[in-house]
Amino acid sequence: MNRWKYAIAALWCWLLIVSSQEFAIAKNPLQSPSDPRQWTEISGDKQIDIDFPYATTNNFVKTKLYPCPRCFLRTDVSTAVRQASQKLQQQGYGGLRLFDCYRPQPIQQKMWNIKPDERYVANPHKGSDHNRGIAVDLTILDLNGEPLDLGTPFDEFSPKAHHTYRELSPQILKNRSLLKKTMASVGFHHIDTEWWHYAWNGNKPSVGKWVWDCPK
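The rules behind the values
Residues numbered from 1 in each chain as written. Predicted model: local features only at pLDDT ≥ 70, side-chain atom pairs only at ≥ 80, totals over all residues. Heavy atoms only, no water. Disulfide = S-S within 2.5 Å. Helix = DSSP H or I, 4+ residues; strand = E, 2+ residues; numbered from the N terminus. Buried < 20%, exposed > 50% of the residue type's maximum accessible area, 1.4 Å probe, protein only. Phe/Tyr/Trp six-rings, centres within 6.5 Å; stacked < 30°, edge-to-face > 60°. Core = buried A, V, L, I, M, F, W, Y, C linked by side-chain atoms within 4.5 Å. Contact = heavy atoms within 4.5 Å. Pairing = 2+ DSSP bridges. Axes fitted to C-alpha atoms, helices over the stretch in contact; angles between N-to-C directions.

Draft legend 1. Geometry of the state of the cysteines. As enumerated under the stated definition, the model contains two disulfides in all. A sulfur-sulfur distance of 2.2 Å marks the disulfide that ties cysteine 68 to cysteine 214. The sign of the -100° torsion about the S-S bond sets the cysteine 68-cysteine 214 disulfide as left-handed. Taken together, the residues span a long stretch of sequence, with cysteine 68 in the loop between β2 (48-50) and β3 (71-74) and cysteine 214 in the segment after β7 (194-200) at a distance of 146 residues. Taking the relative accessible area as the measure of exposure, cysteine 68 reaches 11% and is therefore buried. By relative accessible area, cysteine 214 is classed as partly exposed at 23%. A sulfur-sulfur separation of 2.0 Å characterises the disulfide bridge that pairs cysteine 71 with cysteine 101. Judged by the torsion about the S-S bond (-90°), the cysteine 71/cysteine 101 disulfide is left-handed. With a gap of 30 residues between them, cysteine 71 in strand β3 and cysteine 101 in the loop between β4 (95-100) and α3 (105-114) connect regions that are remote in the sequence.

Draft legend 2. Spotlight on the packing of aromatic side chains. Under the definition given, this model contains 17 aromatic pairs. Taking the centre distance of 6.4 Å and the plane angle of 80° together, the rings of tyrosine 54 and phenylalanine 60 count as edge-to-face. For the pair formed by tyrosine 54 and phenylalanine 60, the shared burial category is buried.

Draft legend 3. The arrangement of the nonpolar core in detail. Counting residues in hydrophobic clusters, the biggest one holds 48 residues, and the most contacted among them are Val81, Leu96, Leu98 and Phe188. If you list the elements that add at least two residues to this core, you get β1 (39-42), β3, α2 (75-90), β4, α3, β5 (135-141), α5 (170-185) and β7. Top element by residues in this core is α2. It accounts for five residues. Excluding residues that lie within four positions of it along the chain, leucine 98 makes contacts with Ile42, Ile48, Asp49, Ile50, Asp51, Phe52, Cys71, Val81, Val136, Asp137 and Leu138.

Draft legend 4. Structural detail: the sheet that holds β5. Strands sit in the order β2-β4-β5-β7-β6 across an open sheet of five strands; the sheet is mixed. Among the strands making up the open sheet, the edge pair consists of β2 and β6 (188-191). Along the sheet, successive strands turn relative to each other by an average axial angle of 40°, direction set aside. Direction of pairing for β4 relative to β5: antiparallel, over a ladder of five bridges. Residue leucine 96 lies in a different strand from β5, and its bridge partner there is isoleucine 140. Strands in contact with α2 are β2, β4, β5, β6 and β7; relative to β4, the strand with the most contacts, it is inclined by about 140°. Along the sheet face, α5 touches β4, β5, β6 and β7 and points at about 130° away from the line of β5.

Below, the structure is given as structure tokens:
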């Protein structure tokens, strides 16, 4: 009987600790990265456009996941993204539009709850490259600031969004190839199931949980 009492008491203590932690996170969700020097923010400018669906309700979760649209990446990664945009502009394009950059791990969990499919959403227990600040979702803009046709909208989870899907017009296939070659040239690799997702080839840092603050 004493063992059961100790077990029940231990369970209650664990529940109290978890509840208090969740309350603290809910009360004060904004944190800072452990080393801000490792991170760089990419702001929208003439070279790069920022358009974050996850900072709106216009996304597959149908919920606003980010407090505001801010793009943070590891410093080496942000430098490479700018290099890719410069290369595209030198070829007569408008540059890059970014849909997503660093993604806090708690947000990853919310996505996983809706779409628990590792072809499209990384398991939050493993952590994604977005959680590490080394992945970016993006597309190419023309000189008028309009996105090129890549065959599907961002975050369309279907075979049509896969790199191996070939039943597309020659122009769409050319656009996908241009994005893939450009990102590969500055140190990124693609995943087969999403034409928009590119991850850095370097070492994988730790997963981040911090959430950025929003300008007042």
